[in-house]
Amino acid sequence: MSAIFQIAGIGIIIAMIHSVLKQMGKEDMAHWVTVIGFVVVLFMVVRLLSELFQEIKTIFLFQ
Amino acid sequence: MIKLLGVVLILFAGTMLGFQQAAKYAERPRQLRQLAHALQRLETEIGYGHTPLPEALKRTAAASPEPISSMLLSAASGVEREEGLGFQESWKQAVLRHWSETSMRGSEQAALLRLGSTLGISDKEDQMKHLRLALLQLKAEEDAARDDQGRYEKMWKSLGILIAVLIVILMV
Amino acid sequence: MLSRIAHLLPLELKALLERMPENAREGLEEIRIREGRPLEIGYLGQSRFASPDGSLRESADGAYKPSGDLCRKLLEKLTNYSLYAMEEELRRGYITVTGGHRVGLAGRTILDGGSVRGIRDIGAFNIRIAREVVGSSSLLVPKLVDRQRQTLHSTLILAPPQQGKTTLVRDMARSVSYGLWGLPEGAKWRGRKVGIVDERSEIAACVRGVPTFDVGPRTDVMDACPKAEGMMMLLRSMSPELLIADEIGRAEDGEAIREASHAGVSVIATAHAYDLQDARGRPVLRSLIDDGAFECVVELKRTPSGIMHRVVKGGAASTVHSLPGAAREPASPVWRLPAPEQAAALVRMRDDDP
């Protein structure tokens, strides 16, 4: 559960940083931050997904 | 419990860092204004008071806040301290030495150094001209600095908080 | 002598001058610093070029040439980093520094409506070292004493340039102010109130209005003031009993001296002239002498053995005297003031009685 909150939280924060930077006129930096945030979230999601598939494998293959 | 403490600590650190950066942006126009006042006072001392330069610098330093005050005092006492040191070198040394204590940047430093090479070695009209030129340059920088301040001060404050929150979320 | 001005000089120049031979250092009179040109030193009445090792030669080859940077440092030290505060000095072309030394300046001038307002780029300095010779007038003062009025007669001192007129006049001011008359009966007389008009800041060498040299306790100095105006100002405000002015020659100087005489004030003035005859060739001096404004005329001459002076009193025969150590001058034509003026001179003396 907390993972989802984490991802959500990161998403919100990154969005806010993006808008602050864009407002300051540093658009390119804003985009970089967004990309990095996306990558981090991606890694987190991939980790979670791999855990999920492990669980599924465990459940279905034990039966 | 400790976690909570850690979270609070990180949030606090991030916010403070952000505010510190913002303060720099706020400090620069203020110091530029103070420097301009100091130069105006110097202009009066030289133009109307015919005060000798070391004395004029000391009086101006007494009426100016730090770090401008110590910079001017250094410049004035540099020539008394070291035999063979011309005024230009003394001024340069003083400016370079005290610059890190200010929030000012390269372009105003260059203007000040240029001024130092002209102080005390030409007649009154020339001195006034050079001082006014320096004042104009400082005014231009001050206007630009105020613009910067408007934009970046808020930005850094927000950024500080946001990054702190980000780190917290990542860590927790 | 060098030590007296060493504090004014930039380091490298001071180091070079200290390498000079001892007699040059002790007898130092002038240092001429010209940017990019050989350094010239004047000592003991002669002039040589200085080489980097301190030796002094007549030829300018291989001499030390001051750089622009050195000149700038020198200017900074002379003006205390405040050239802008020396407008008057720049207009006159010289700066008087502490110690009474005069530094003449040469360079590119700035004009204001045709007259000089100041000097923009100073390319040459002439540092003249001032020397105070206390007692240089001790032989002369007794001869000029006016016994009846217990003061000095109005005197005109004549000499070509560089003969020591200023040094002499300075000492005369000092002597009169202190009351050192050099006569046995003068021991009881008080010192007189002296007023000096020091147009070129040479006599008293005032710095910020205070004399550097000892000109006496009852002396007032008008520094850097045109002579005529200065004399009138002193007469009006300082009630002097003796006025001293250096190098008179203009009509207004003459007028002021006449005013002073009418007021009963003795005047000691100097003028550029070789001798009395030469002085009489100048209209202003001639009319002053003929009108009897001066009771005595003194001629000065510098000889290898010292400075000699000759006093010509109204009607008296010429007498030849000299400063310590000098030989007597060979007999020369007797100078007399023409007869009518002689009578006038005597009359003047009675008019001036209190």
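Residues numbered from 1 in each chain as written. Chains lettered and ligands numbered in written order. Predicted model: local features only at pLDDT ≥ 70, side-chain atom pairs only at ≥ 80, totals over all residues.

Colleague: Would you mind showing me how to read the overall build of chain B here?
Modeller: Secondary structure summary: chain B contains six helices and zero strands in total. The N-to-C order of helical and strand elements in chain B reads α-α-α-α-α-α. A buried classification covers 34% of the 172 residues belonging to chain B. If you take every contact in chain B between residues at least 6 apart in sequence, the share linking residues at least 24 apart comes to 69%. (Helix = DSSP H or I, 4+ residues; strand = E, 2+ residues; numbered from the N terminus. Buried ≥ 20, exposed ≤ 12 C-beta atoms within 10 Å, placed from the backbone. Contact = placed C-beta atoms within 7 Å.)

Colleague: Explain the overall build of chain C here, please?
Modeller: Helix and strand counts for chain C come out as twelve helices and 19 strands. Of all 354 residues assigned to chain C, the portion counted as buried reaches 43%. Counting only contacts in chain C whose residues sit at least 6 apart along the sequence, the fraction spanning at least 24 positions is 59%.

Colleague: Explanation requested: the confidence of the model for chain B in the structure shown.
Modeller: Low pLDDT marks stretches whose predicted atomic positions should not be read closely. Here chain B averages 87 in pLDDT, and 100% of its residues register 70 or above. Least confident of the elements in chain B is helix α3 (residues 68–81) of chain B, whose mean pLDDT is 86; most confident is helix α2 (residues 53–62) of chain B, at 89. (pLDDT = per-residue confidence, 0-100.)

Colleague: Even after reading the chapter, I still don't get the interface of chain C and chain B, so can you show me in this structure?
Modeller: Interface size, as often reported, equals the accessible area lost upon joining of the parts. Taken together, the contact between chain C and chain B spans 15 residues of the former and 16 residues of the latter. Counting only elements with at least two residues in the side of chain C that touches chain B, the list comes to α4 (68–79) and α5 (87–92) of chain C. Ranked by residues supplied to the side of chain C that touches chain B, first place goes to α4 of chain C with four residues. Across the side of chain C that touches chain B, the residue classes tally to eight nonpolar, three polar and four charged. (Nonpolar A, V, L, I, M, F, W, Y, C, P; charged D, E, K, R; others polar.)

Colleague: I would appreciate a short explanation of unusual backbone geometry in the present structure.
Modeller: Generally, phi is negative for residues other than glycine and the peptide bonds are trans, each holding for most cases. The omega torsion across E66 of chain B and P67 of chain B is -5 degrees, close enough to zero to call that bond cis. Relative to the helices and strands, P67 of chain B resides in the loop between α2 and α3. With a phi angle near 55 degrees, S201 of chain C is a residue other than glycine that sits in the positive phi range. With respect to the element layout, S201 of chain C can be found in the loop between β11 (194–198) and β12 (206–207). In this model, S239 of chain C sits at a positive phi of 40 degrees, which is unusual for a non-glycine residue. Turning to its location among the elements, S239 of chain C is positioned in the loop between α8 (227–237) and β15 (242–245).

Colleague: Help me understand the interface of chain B and chain A, please; the structure alone is not making it clear to me.
Modeller: Taken together, the contact between chain B and chain A spans nine residues of the former and eight residues of the latter. Classifying every residue of the side of chain B that touches chain A by side-chain character gives seven nonpolar, one polar and one charged.

Colleague: Help me understand the environment of L158 of chain C, please; the structure alone is not making it clear to me.
Modeller: All names here are of chain C. Counting through the fold element by element, L158 comes out in strand β10 (residues 155–159). Accessibility expressed as a C-beta count within 10 Å gives 26 for L158, which makes it buried. Here the alpha-carbon distance between L158 and V297, two residues 139 residues apart in the chain, equals 7.4 Å.

Colleague: Looking at this model, I keep getting lost on the sheet that holds strand β7 (residues 115–128) of chain C. Mind explaining?
Modeller: In any sheet, the strands associate via hydrogen bonds between backbone groups, in a parallel or an antiparallel arrangement. Residues and elements named next belong to chain C. If you walk across this open sheet you meet the seven strands as β4-β3-β2-β1-β7-β6-β5, and the pairing is antiparallel. Every interior strand has two partners, whereas the edge strands, β4 (56–57) and β5 (94–97), have only one. With eleven bridges connecting them, strand β6 (residues 101–112) and β7 associate as antiparallel partners. Bridging from a neighbouring strand, A106 pairs with A124 of β7. (Pairing = 2+ DSSP bridges.)

Colleague: What should I look at first to understand the packing of helix α9 (residues 251–262) of chain C against helix α11 (residues 283–290) of chain C in this one?
Modeller: Relative orientation and spacing of two packed helices are given, respectively, by the angle between their axes and the distance between those axes. All names here are of chain C. One can describe the packing of α9 onto α11 by two numbers: an axis separation of 9 Å at closest approach and a directional angle of 15 degrees. As summarised for this structure, α9 and α11 are arranged roughly parallel, according to the angle between their axes. Crossing geometry of α9 relative to α11 is assigned as right-handed. The segment α9 lies against α11, with A251, G254 and I257 engaging V284, S287 and L288. Residue composition of the contact of α9 with α11, by class: four nonpolar, two polar and no charged. (Axes fitted to C-alpha atoms, helices over the stretch in contact; angles between N-to-C directions. Parallel < 35°, antiparallel > 145°, perpendicular 65-115°, else oblique. Left-handed = near helix turned anticlockwise from the far one by under 90°.)

Colleague: Which parts of the structure should I look at to understand the pairing of β15 of chain C?
Modeller: One face of the sheet, then the other: side chains in a regular strand alternate in exactly this way. Residues and elements named next belong to chain C. Going residue by residue along β15, you find L242 and I244 tucked away on one face and L243 and A245 tucked away on the opposite face as well. As paired strands, β15 and strand β16 (residues 266–272) are joined by four bridges and run parallel to one another. Looking at the pairing, A245 lines up with A269 of β16.

Colleague: I'm lost on the environment of L139 of chain C in this one. Help?
Modeller: Structurally, the position occupied by L139 of chain C is in the loop between β7 and α6 (141–144). When the C-alpha atoms of L139 of chain C and W181 of chain C are compared, they prove to be 9.9 Å apart, with 42 residues separating the residues in sequence.

Colleague: Help me understand the nonpolar core in this model?
Modeller: A general trend in soluble globular proteins is that nonpolar side chains are found buried together. Core analysis: the biggest nonpolar cluster contains 62 residues, and L57, L72 and A75 of chain B together with L74, L75 and V103 of chain C have the highest contact counts within it. Excluding residues within four positions of it along the chain, V103 of chain C makes contact with L78, Y94, I95, V97, F125, N126 and I127 of chain C. With 57 residues, the next largest nonpolar core counts L158, V194, L243 and V297 of chain C among its residues. (Core = buried A, V, L, I, M, F, W, Y, C linked by C-beta atoms within 7 Å.)

Colleague: When you look at the environment of L168 of chain C in this model, what are you seeing that I'm missing?
Modeller: Residue and element names in this part refer to chain C. Relative to the assigned elements, L168 resides in helix α7 (residues 165–178). Under the C-beta neighbour-count criterion, L168 is labelled buried, with 24 such atoms within 10 Å. When neighbours within four sequence positions are excluded, L168 is seen to be in contact with S136, S137, L140 and I157.

Colleague: Which parts of the structure should I look at to understand α3 of chain B?
Modeller: Given 3.6 residues per turn, any residue in an α-helix points the same way as the ones three and four places further on. The end-to-end C-alpha distance of α3 of chain B is 19 Å, a good match for the 20 Å that 14 residues give at a rise of 1.5 Å each. Residues of α3 of chain B that are buried include every one of I68, M71, L72, S74, A75, A76, G78 and V79 of chain B, and no others. (Expected span 1.5 Å × (residues − 1).)

Colleague: Explain α11 of chain C here, please?
Modeller: All names here are of chain C. Residues L285, L288 and I289 constitute the buried set of α11. With its buried residues spanning 95 degrees around the axis, α11 presents them on a single face. Against β10, α9, β16, α10 (276–280) and β17 (296–303) lie the buried residues of α11. Count one or two residues on from α11 and you reach G292, which has phi positive near 75 degrees. (Arc of directions from axis to C-beta.)

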